[in-house]
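Topology and contacts: notes
Single-letter residue listing:
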Amino acid sequence: MQTNFSLAQLADPAMATSEKILRTCVHCGFCTATCPTYLLLGDELDSPRGRIYLIKDMLEGGKAASAEVVKHVDRCLSCLSCMTTCPSGVHYMHLVDHARSHIEQTFSRRLDDRALRALLAFVLPYPARFRAALWAAKLGAPFRPLVARLPRVGNRLAAMLDLAPAALPGREATNRPATFPAVGAQGAPKRVALLRGCAQSVLRPDFNAAAIRLLTRHGVEVVHAEGEGCCGALTHHMGRTDDSHAQARRTIDAWTAEADGAGLDAILVTASGCGTTIKDYGFMFRDDPAYADKAARVSALARDVTEFVATLDIAPTVESDLVVAYHSACSMQHGQGIRTEPKTLLKRAGFTVKDVPEGHICCGSAGTYNILQPELAGKLRARKVANIERMRPDVIATGNIGCATQIGKGTAIPIVHTVELLDWATGGPRPAALKATAEPVLQAAE
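The paragraphs below set out a description of the structure included in this document. (Residues numbered from 1 in each chain as written. Predicted model: local features only at pLDDT ≥ 70, side-chain atom pairs only at ≥ 80, totals over all residues. Heavy atoms only, no water.)

Looking only at helices and strands, the protein features 25 helices and eleven strands. In terms of overall size, the protein behaves like a compact globule, its C-alpha atoms giving a radius of gyration of 22 Å where 446 residues would be expected to give roughly 22 Å. By its C-alpha atoms, the protein is 70 × 50 × 40 Å across when sized along the principal axes. A total of 446 residues make up the protein; the buried ones form 56% of that total. Residue pairs in contact within the protein that sit at least 24 positions apart in sequence constitute 73% of those at least 6 positions apart. (Helix = DSSP H or I, 4+ residues; strand = E, 2+ residues; numbered from the N terminus. Rg over C-alpha atoms; globule rule 2.2 N^0.38 Å. Buried < 20%, exposed > 50% of the residue type's maximum accessible area, 1.4 Å probe, protein only. Contact = heavy atoms within 4.5 Å.)

Okay, here's the thing in structure tokens:
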């Protein structure tokens, strides 16, 4: 793609990076075949190629974001399926992130839109606030029909109520800054930091609890770092760069202290949406003299939990006849390029694993997307659930809290984290989500 940025524009590192990305695009259109919003809407401007044209015109012309640009960029899920498909290596993630930041700096949203986005940024990254909000949602649930009829914001507020769990999980004892020693390790144990997370620690604390049991049982010491907070992913993808970078710096500092102290073999993440952002810290802070090196070090240590577990010698202690539909989160398969490890681990643990048809298409979660774009998110969820239910699995496994929440609201099939099944198969407890289902046929492995 030919570009015409001025030298003054290219003096801005963010603009120079986006210009290089734009020049990589060859207009081929392969991205349109795997873009969820183009699939639903059939509008070229709701495809990656169309958005690239809009972003190029906005940035190259030094323009404030227009209502049209905002509409089509807001509709982008950042699922990154286009990056998997692109034969030219266009780094769409960095381009659309820059566009979102530019939008937040130059476009005045409607008051209701600004207020809702500010509320999400104020609540979601903070577990205590999020837990209080979920209690409020429980009280507001009976008024959902009235809320849905409110002008402009009703559909979004109703989506928030719909996504809230009917009952909040109890507090998990391991969800605190602490070190969890390895059990039965021979020699010096490996030592990892495990991201506690924000929304996940409230909605599904059992995910990390299972990871801790699995890891410590296989000779790995696990630490929840003191001072660690939200990784910044949620606000980063809303274009709120100051917020996201402040959150990321806090977490980088916490992990750097652990690495400099007792040392770390890896930083593990059980929410793939967070993992994609953490692995990108090195890029995010590339021009920050105080954090460039520390951020790059954290990114180099970051692993999805299944990447790390794949290096361990795990063996099942029970045999199961459960059929597992594995849903690969977009942030897992497209953002991090992890496609085989989780399925291989589940098969090694004795489960029958089935791929979901159209597995490359997003479920509609995408951070705050299912709140900010509820109609499109609902259509994508219905499509995803129909593909899953067609396989008639006993359970759905995934590696991202957003997907678990989104899909779980559309089906009665229990949905668990991959590590919950791995923990159970190797000596841990039966996942809580499966306790209401019929017991599978289990027998001691020989």
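Let's shift gears to the environment of Leu59. Locating Leu59 in the fold gives a position in helix α4 (residues 48-60). Linking Leu59 and Ser108, residues 49 residues apart in sequence, is a C-alpha distance of 17 Å. With near-sequence residues (within four places) excluded, Leu59 lies in contact with Phe5, Gln9, Met15, Ser18, His98 and His102.

With that settled, the discussion passes to the sheet that holds strand β9 (residues 395-398). The strand order across the open sheet built from four strands is β8-β7-β9-β10, with neighbouring strands paired in parallel fashion. The open sheet is flanked by β8 (352-355) and β10 (415-417), the only strands paired with a single partner. Along the sheet, successive strands turn relative to each other by an average axial angle of 35°, direction set aside. Pairing of strand β7 (residues 323-326) with β9 involves three bridges; the strand directions are parallel. Bridge pairing in β9 places Ala325 opposite Ile396. (Pairing = 2+ DSSP bridges. Axes fitted to C-alpha atoms, helices over the stretch in contact; angles between N-to-C directions.)

In this model, His27 sits at a positive phi of 65°, which is unusual for a non-glycine residue. By the secondary structure assignment, His27 is in the loop between α2 (13-24) and α3 (36-41). By relative accessible area, His27 is classed as partly exposed at 35%. You will see that Leu80, though not glycine, has its phi angle at about 70°, which is positive. In this structure, Leu80 sits in the loop between α5 (67-74) and α6 (81-85). Of the residues examined, Leu80 reaches a relative accessible area of 5% and is grouped as buried.

With that settled, the discussion passes to the side chain of Arg191. With respect to the secondary-structure elements, Arg191 resides in strand β2 (residues 190-194). A polar atom in the side chain of Arg191 sits 3.0 Å from the backbone oxygen of Gly263. Dropping the residues within four chain positions of it, Arg191 is found in contact with Thr179, Glu221, Val223, Glu258, Ala262, Gly263, Leu264, Asp265 and Ala266. (Polar contact = N/O pair within 3.5 Å; in protein donor to acceptor, adjacent residues only side chain to side chain.)

Here the focus is the packing of helix α11 (residues 154-163) against helix α23 (residues 374-389). Axis separation between α11 and α23 bottoms out at 10 Å; the angle between their running directions is 40°. Comparing the axis directions of α11 and α23 gives the class oblique. Between α11 and α23, the contacting residues are Asn155, Arg156, Ala159 and Leu163 on the first element and Pro374, Glu375 and Arg381 on the second. Here the contact of α11 with α23 is built from residues that sort into three nonpolar, one polar and three charged. (Parallel < 35°, antiparallel > 145°, perpendicular 65-115°, else oblique. Nonpolar A, V, L, I, M, F, W, Y, C, P; charged D, E, K, R; others polar.)

Moving on, we come to α11. Since one α-helical turn is 3.6 residues long, residues separated by three or four positions face the same way. For α11, the set of buried residues is Gly154, Arg156, Ala158, Ala159, Leu161 and Leu163. Contact partners of the buried residues in α11: α8 (111-123), α9 (127-140), α10 (144-148), α22 (369-372), α23 and α24 (401-408).

Applying the stated criterion across every chain yields a total of 28 salt bridges. In this structure, Asp206 and Arg204 form a salt bridge, with 3.4 Å as the shortest nitrogen-oxygen distance. Taking relative accessible area as the criterion, Asp206 reaches 21% and is therefore assigned partly exposed. Salt bridges linked by common partners bring Asp74, Glu104, Arg109, Asp113, Arg117 and Arg156 together as one network. (Salt bridge = Lys/Arg side-chain N within 4 Å of Asp/Glu carboxyl O.)

If you walk through the whole model with that rule in mind, you get three cavities of 30 Å³ or more. In this structure, the largest cavity spans a volume of roughly 140 Å³. Lining the largest cavity are 17 residues; nearest its centre among them are Cys25, Cys31, Ile52, Cys86 and Val90. Counting residues per element, the ones that place at least two in the lining of the largest cavity are α4 and α6. With three residues, the top contributor of residues to the lining of the largest cavity is α4. (1 Å grid on protein atoms, 1.4 Å probe; cavity = no way out; pocket = protein on both sides within 12 Å on 5 of 7 lines; lining within 4 Å. Points joined across faces, edges and corners; volume = space filled by probe spheres on them.)

Taken together, five strands build an open sheet; the order of strands is β1-β3-β2-β4-β5 and the sheet is mixed. Because the sheet does not close on itself, it has two edges, and the strands there are β1 (178-180) and β5 (302-304). Neighbour-to-neighbour, the strand axes of the sheet open up by a mean angle of 30°, direction not taken into account. Bridge analysis of strand β4 (residues 266-269) against β5 gives three bridges, and the strand direction is parallel.

This next bit is on the environment of Leu139. Topologically, Leu139 is positioned in helix α9. For Leu139, a relative accessible area of 65% translates into the label exposed.

For the rest of this paragraph, the subject is the nonpolar core. Among the nonpolar cores identified, the biggest contains 97 residues, and Leu215, Trp255, Ile278, Tyr281, Leu346, Phe351 and Leu421 are the most heavily contacted of them. Broken down by element, this core gets its largest block of residues, six residues, from helix α13 (residues 205-217). Not counting residues up to four positions away in its chain, the partners in contact with Phe351 are Ser320, Leu322, Val324, Leu346, Leu421, Trp424 and Ala425. With 27 residues, the next largest nonpolar core counts Ala65, Val73, Cys76 and Val96 among its residues. (Core = buried A, V, L, I, M, F, W, Y, C linked by side-chain atoms within 4.5 Å.)

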